[in-house]
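Residues per chain, in single letters:
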Amino acid sequence: MSSSARDIAGSFVAARRQAKALDRFPGKPPTALADSYRVQDEAIALWPDEVAGWKIGRVPPHQVAALGAERLAGPIFKRLVWRAQPDEGVEFPVYENGFAAVEAEYVFRMGKDAPADKTQWTREDAVDLVAAMHVGVETAGSPLATINDLGATVVVADFGNNHDLILGPEVANWRAKLEKGLTAETFIEGASVGKGGADGGPDGPVDALVFLLEHLAQRGKPLKAGQLVSTGAVTGVHDIRVGQHSRVSFNGSGDILCAAVKAAPNGEGFS
């Protein structure tokens, strides 16, 4: 990389902590995911919080062959996990003039540590680590407004384009319900912007967990008991602006209400 991983990471971390938008990628964008994860690791080391879990996203279809991956990962930090309460809205910070979106997600809470030396996982072994499944909303966010337009290597470099996780209630009897199929719908300012769902078949949340377990093993960061795994957007990635409200309805598992507010300098609070 012509721009050092630490320099790129430092620019992103500084912009996040100062709540300032970036008008361009800070350096030359990486062309390989391995380089992007080096930036991410440097940024994790610079960020003043511990990793509470991981988000999983998709590599755009047109980049899958070139990058050799279908999914990507980014950290979720402890102080940026919000707990949803019934009938109460959660305010979450967004970077003005940056990127912000809401994503309906199904979230695994891990009940066991993944063995550090285990690098290949079956679906059955992966599920055995799970203590519970929750509904949730990933609030995607970056100081770089064009982050998604620039592709997966840029997304990975900036924490996987993650800002917060809003954790909702547990899904009772989740294995049976996931096998049958779960559905969700996302609203912004009262208008439906996306519908979707997840099931226990191939390419669902369990396969996302398998990907993450193998990915983190290669990085020397095995999943730990208590960590959260946000398994991917099920209704789409929905842009949101400061002042807008969202409701995500997880049919049979409750609603999550949230509102975007302007981020304040410190990387986690509001103005």
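The text that follows walks through the structure, step by step, so that each part is easy to find. Along each chain, residues carry numbers from 1 onward, in the same order as the chain's sequence is written. At least 70 in pLDDT is required for a residue's local features to be given in this predicted model, at least 80 for side-chain atom pairs to be given and counted, and no such filter applies to totals for whole chains, interfaces and linings, which use all residues. Hydrogens and waters are ignored; side-chain quantities use all the structure's heavy atoms.

Structural notes on helix α2 (residues 33-46)
Residues spaced three or four apart along an α-helix face the same direction, because each turn holds 3.6 residues. Starting at the N terminus, helices and strands are each numbered in turn, a helix being any DSSP run of H or I of at least four residues and a strand any DSSP run of E of at least two. The span you would expect from a helix comes to 1.5 Å times its residue count less one. End to end, α2 covers 20 Å across 14 residues, agreeing with the expected 20 Å (1.5 Å per residue, within 8%). Accessibility here uses a 1.4 Å probe with only protein chains present; expressed as a share of the type maximum, an area under 20% marks a residue as buried, one over 50% as exposed, and anything in between as partly exposed. For α2, every residue scored as buried is listed here: Leu33, Asp35, Ser36, Tyr37, Val39, Gln40, Ala43 and Ile44. It only takes one pair of heavy atoms within 4.5 Å for two residues to be counted as in contact. Residues of α2 that are buried in the fold lie against α1 (5-18), β1 (51-58), α3 (61-67), β2 (71-77), α5 (152-157) and α7 (205-219).

Remarks on the sheet that holds strand β9 (residues 191-198)
Strand order across the open sheet formed by five strands is β4-β13-β12-β8-β9, with mixed pairing between neighbours. The open sheet has two edge strands, β4 (89-94) and β9, and neither has a second partner. Direction aside, the axes of adjacent strands within the sheet are offset by 25° on average. Summarising the sheet, strand β8 (residues 182-188) and strand β12 (residues 245-250) pair through five bridges and their orientation is antiparallel. The residue of β12 that forms the bridge with Phe187 is Arg247. Strands are treated as partners if at least two bridges between them are detected by DSSP. Axis definition: a line fit to C-alpha positions, over the contact stretch in the case of helices; interaxial angles, taken between N-to-C directions, run 0 to 180 degrees.

Focus on the packing of aromatic side chains
Stacked, tilted and edge-to-face are the three classes applied to pairs of Phe, Tyr and Trp rings, where Trp contributes its six-membered ring and a pair requires centres within 6.5 Å; stacked means planes under 30 degrees apart, edge-to-face means over 60, and tilted covers the rest. Counting across every chain of the model gives six aromatic pairs. Plain terms: the ring middles of Phe12 and Phe25 are 5.6 Å apart, the flat faces sit at 70° to each other, and that makes the pair edge-to-face. Of this pair, Phe12 sits in helix α1 while Phe25 sits in the loop between α1 and α2, placing them 13 residues apart in sequence. In this structure, Phe12 and Phe25 share a single accessibility class: buried. Judged by centre distance (5.1 Å) and plane angle (65°), the ring pair of Phe77 and Phe159 falls under edge-to-face. Highlighted residues: Phe77 in strand β2 and Phe159 in the loop between α5 and β7 (162-170), separated in sequence by 82 residues. Like Phe77, the residue Phe159 is buried in the burial classification. The rings of Trp47, Phe77 and Phe159 are connected pair by pair, giving a single aromatic cluster. The ring of Trp121 is capped by Lys118, whose NZ or CZ atom sits 4.8 Å from the centre of that ring. In this arrangement the basic side chain of Arg247 is found over the ring face of Phe187, its NZ or CZ atom lying 4.1 Å from the centre. Our definition puts a charge over a ring when NZ of Lys or CZ of Arg is within 6 Å of the ring centre and also within 35 degrees of the ring normal.

Focus on unusual backbone geometry
Despite not being glycine, Asp87 shows a phi value in the positive range, around 65°. Mapped onto the secondary structure, Asp87 falls in the loop between β3 (81-83) and β4. One non-glycine residue, Asp203, lies in the positive phi region at around 75°. Along the chain, the position of Asp203 falls in the loop between β9 and α7.

By themselves these figures say nothing about function.
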